[in-house]
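The residues making up each chain are set out below.
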Amino acid sequence: KKAARVAPRWLFVGGRRIIEMASVERQCTVLMPFERAGPQDEASELQASLEKKEVAIKVETMKKIIKLMLNGEQLGGLLMSVIRFVIPNEDHQLKKLVYLYLEVVDKTGADGKLLPEMILVCNMLRNDLNHANEFVRGCALRFLSKLKEPEILEPLVPSVKSNLEHRHSYVRRNAVLAIYNCYRTSDTLVPDAADLIDGFLQMESDASAKRNAFLMLVHCAQDRAVEYVLSVIDQISSLGDIIQLVMLELVRRVCRANPLEKSKYMQAMVGLLSSPSPSVTFECCGALVSLSTNAHVVRAATQSYCQLLSHHSDNNVKLIVLDRLTQLKSNHASILQDSLMDIMRGLASPNVDIKRKILVLSIELVNPRNIEAVVGVLKKEVIKTQNDELEKAGEYRQLLIQTIHGCVLKFPEVAGGVVHLLMDFIGDSNVSSAGDVIVFVREVVETYPKLRDGVVQRLLDCFPQIRATKVFRVALWIFSEYCLTPEELEAALNVIKASLGDLPFCPSETGTVGFSDEPRSHMAAITQAKPALLSDGSYATQTSESTGRAAGADATGTGAQPTVRSLILGGDFFLATVVSSTLAKLAMRMAEIKQDPVAQNQSAASLMMYLCAFVRYGRSMQPQGLDDDSHERICQCLTMLSDLSNPALREVWLRKTRESFAESLVEKQQAAAKEATEVEEAKAKLQADDLIQIRQLKGKQAGGSNTIEDEEEADLNRATGAGEHEEDFGARLQRVVQLTGLSDPVYAEAVVTVHSYDIVLDVLVINQT
């Protein structure tokens, strides 16, 4: 039978109920996934399997026992069976499983005293520590490095020490860890541990064994570790990367305690920036930036970060490097501006998230010295997005367009070099990308009068390539506001008429002069019949009927790409109102320039035919036709065309609208500047519980040094989200994930919060019984 489990006690922390596991938790050094499949074996069945002679059966049984014990089952009664029937076996796989079992089994009784069976286990460990096979010795030493019972460790210390001189490095490196664990468990077990490991470190040649020995000195005898570093500081670049990482951590700890010691290590740390190991380079960059504010040192660290960003293959590493560069920007922006082109080499990565971070960082670092080079790189990247094989080309192109737009807002002189290139993508299938382009063009023609003529002419040429209705609307508005010469007005009218096609829109009006109010259901239909294969293998006649709307749309050529006519025939009457207002504005500007009443009447009459066709087609659509707002707008445009010389209409339609847009641009820029100022002012310079630094009260050693980053506190702030923008309650509710049904006896839901690379699950559990 299963042993009864201790009922957990409950604690309330921050309004949430959590389990207090201190009374039931034990030391855990092994973690394995376990899924119950089928009925569970009883302890007697497992014991019978252990007594069998077949090694394969014992291996499978030991695996089951270990997984069950890790899952909370109490199988300590099998300890004697394992000692009798499994430990004497010399099979290496079984030997490894025995040590895993000994890690998870209880070694003390309910009274806290060591179990009598552990005497037999201790004897087995002594034999394995003196075994002829180095694998068996290594397994025993690895087990001892995780053991916390001094009663078992004490008689084994002499055997562990003798393994420091073993011929195989695998045994020596594990022997160091075993001695380290003995010293941490009780320093009386190995009182001469520091001297022993110091001598071992001087004589050892294996990199892993030296790293383990040095790590022990760092935690147990830091003065000896510092002496060793100073003795090999000239050869530190030739040491293994694993020991270099530990040395870097020691240097940071020493310099944090005594900043005046930095000069002893700075030259060696700069030399480690050229290490072939990316891990060493990354850690060295972080150490240098935290220990020094010297421009040359920070520039060298920045260059190393850029090398990692360009040459490392792991996308996670690149994202972390970009985060470090973003942190550097707050204190060393000028140095990063000099290295901006090296940072932008990371755009060669196929990952869109990396490209997005680089572009965001670039727009913040761009300055008058590098704006031309940055825009040149962005233009090349935009051209590369024309390749269909590029991953997420449309999304990346949109990011590039937004970045170029931001560069133009900061440095208007580069607008002329990018606007014509971006207009090649005005017909992009990605609606968001094309929309960003046309909005950028609209701001350019208003803000930079010198570029207006060329941009408008290019837009007239690109108008037939447009596919999105949003882009059509903005382009038509640009025509109505910035086509000012007779030639531009004629060209705009011709382009719009070509995109609308021939009148009428309704096929039933062909050959008629007037407009009838017949319902759309009476329009002629085109019937086609063709054979179709049924599921039983027989043939039948399939008849398809297309109404006048579809026939009209096909007749105007909707196949390759959407045009203004096809969009209006599809029911986009908002676009029809924009076309109407554009035609009316163009006719009014033409009448203002050319004082010819006959020509004005002829032009107005021809344009009225298009507007009336919109109304006629909208009314003929059933059941959803022309909406009231669109109908009213088109009627206003008809009123304009009937009175082109009205000065009040000219003032409102030709001047006020453009002035309103210019004012909106100014207000937008002012709002952006105000928001940036408010965000900067809202940032907390210090937290309420931060330590107050009084320079006059500091010691002499720390008085003349620069502020050194307290990394432990920084890590804690990142993990808890301190200093980040606090979201409102509504935004928090949007991230709630329901874990159970609303009618379940226990209802649970979770809120997922991500702080840098830490994920926090805030779980709410409600007992509804």
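See the structure above.
The rules behind these values
- Residues numbered from 1 in each chain as written.
- Predicted model: local features only at pLDDT ≥ 70, side-chain atom pairs only at ≥ 80, totals over all residues.
- Heavy atoms only, no water.
- Helix = DSSP H or I, 4+ residues; strand = E, 2+ residues; numbered from the N terminus.
- Buried < 20%, exposed > 50% of the residue type's maximum accessible area, 1.4 Å probe, protein only.
- Salt bridge = Lys/Arg side-chain N within 4 Å of Asp/Glu carboxyl O.
- Core = buried A, V, L, I, M, F, W, Y, C linked by side-chain atoms within 4.5 Å.
- Contact = heavy atoms within 4.5 Å.
- Expected span 1.5 Å × (residues − 1).
- Arc of directions from axis to C-beta.
- Polar contact = N/O pair within 3.5 Å; in protein donor to acceptor, adjacent residues only side chain to side chain.

### Topic: the environment of Gln595
For step 1, the next point in the chain: In this structure, Gln595 sits in the loop between α30 (573–593) and α31 (597–620).
For step 2, the next point in the chain: You can call Gln595 exposed: its relative accessible area is 62%.

### Concerning the pattern of salt bridges
For step 1, the next point in the chain: Going through the model one piece at a time under the given rule, you end up with 23 salt bridges.
For step 2, the next point in the chain: For Lys161, the salt bridge is made with Asp192, and the minimal N-O distance between the two is 3.3 Å. Here Asp192 lies in the loop between α9 (169–185) and α10 (193–203) and Lys161 lies in helix α8 (residues 157–162), a separation of 31 residues in the sequence.
For step 3, the next point in the chain: The exposure class assigned to Lys161 is partly exposed, which follows from its relative accessible area of 27%.
For step 4, the next point in the chain: With a relative accessible area of 32%, Asp192 lands in the partly exposed category.

### Some words on the nonpolar core
Most often, soluble globular proteins have nonpolar side chains that are buried together.
For step 1, the next point in the chain: Grouped together as the largest cluster of nonpolar side chains are 204 residues, with contacts concentrated most on Tyr101, Leu102, Leu144, Phe214 and Leu325.
For step 2, the next point in the chain: If you tally residues by element for this core, the top one is α30, at 12 residues.
For step 3, the next point in the chain: The contacts of Phe214, once residues within four sequence positions are left out, are Leu201, Ala225, Tyr228, Val229, Ile243, Val246, Met247 and Leu250.

### Concerning helix α27 (residues 486–500)
Owing to its 3.6 residues per turn, the α-helix aligns residues three or four sequence positions apart on the same side.
For step 1, the next point in the chain: End to end, α27 covers 21 Å across 15 residues, agreeing with the expected 21 Å (1.5 Å per residue, within 8%).
For step 2, the next point in the chain: For α27, every residue scored as buried is listed here: Glu488, Leu489, Ala492, Leu493, Val495, Ile496, Ser499 and Leu500. Buried residues in α27, looked at end-on, bunch into an arc of 165°, giving them a common side. In α27, the exposed positions that point more than 90 degrees away from the buried face belong to Glu487 and Ala498.
For step 3, the next point in the chain: Looking at the buried side of α27, the elements it contacts are α25 (452–462), α26 (469–482), α29 (564–569), α30 and α31.
For step 4, the next point in the chain: Gly501 sits one or two positions beyond α27 and adopts a positive phi of about 80°.

### What about helix α21 (residues 371–384)?
For step 1, the next point in the chain: Over its 14 residues, α21 runs 20 Å from end to end, which matches the ideal 20 Å to within 8%, given 1.5 Å per residue.
For step 2, the next point in the chain: Those residues of α21 lying buried are Ile371, Val374, Val375, Leu378, Glu381 and Val382. The arc that holds the buried residues of α21, viewed along the axis, is 120°, so those residues lie on one side. Of the residues in α21, the exposed ones pointing more than 90 degrees away from the buried face are Glu372 and Lys380.
For step 3, the next point in the chain: Each element contacted by the buried residues of α21 is listed here: α19 (340–344), α20 (352–365), α22 (393–410) and α23 (415–422).

### What about the side chain of Asn367?
For step 1, the next point in the chain: With respect to the element layout, Asn367 can be found in the loop between α20 and α21.
For step 2, the next point in the chain: Looking at Asn367, its side chain comes within polar contact range of the side chain of Gln337, at 3.0 Å.
For step 3, the next point in the chain: Discounting chain neighbours no more than four positions away, the residues touching Asn367 are Gln337 and Phe411.

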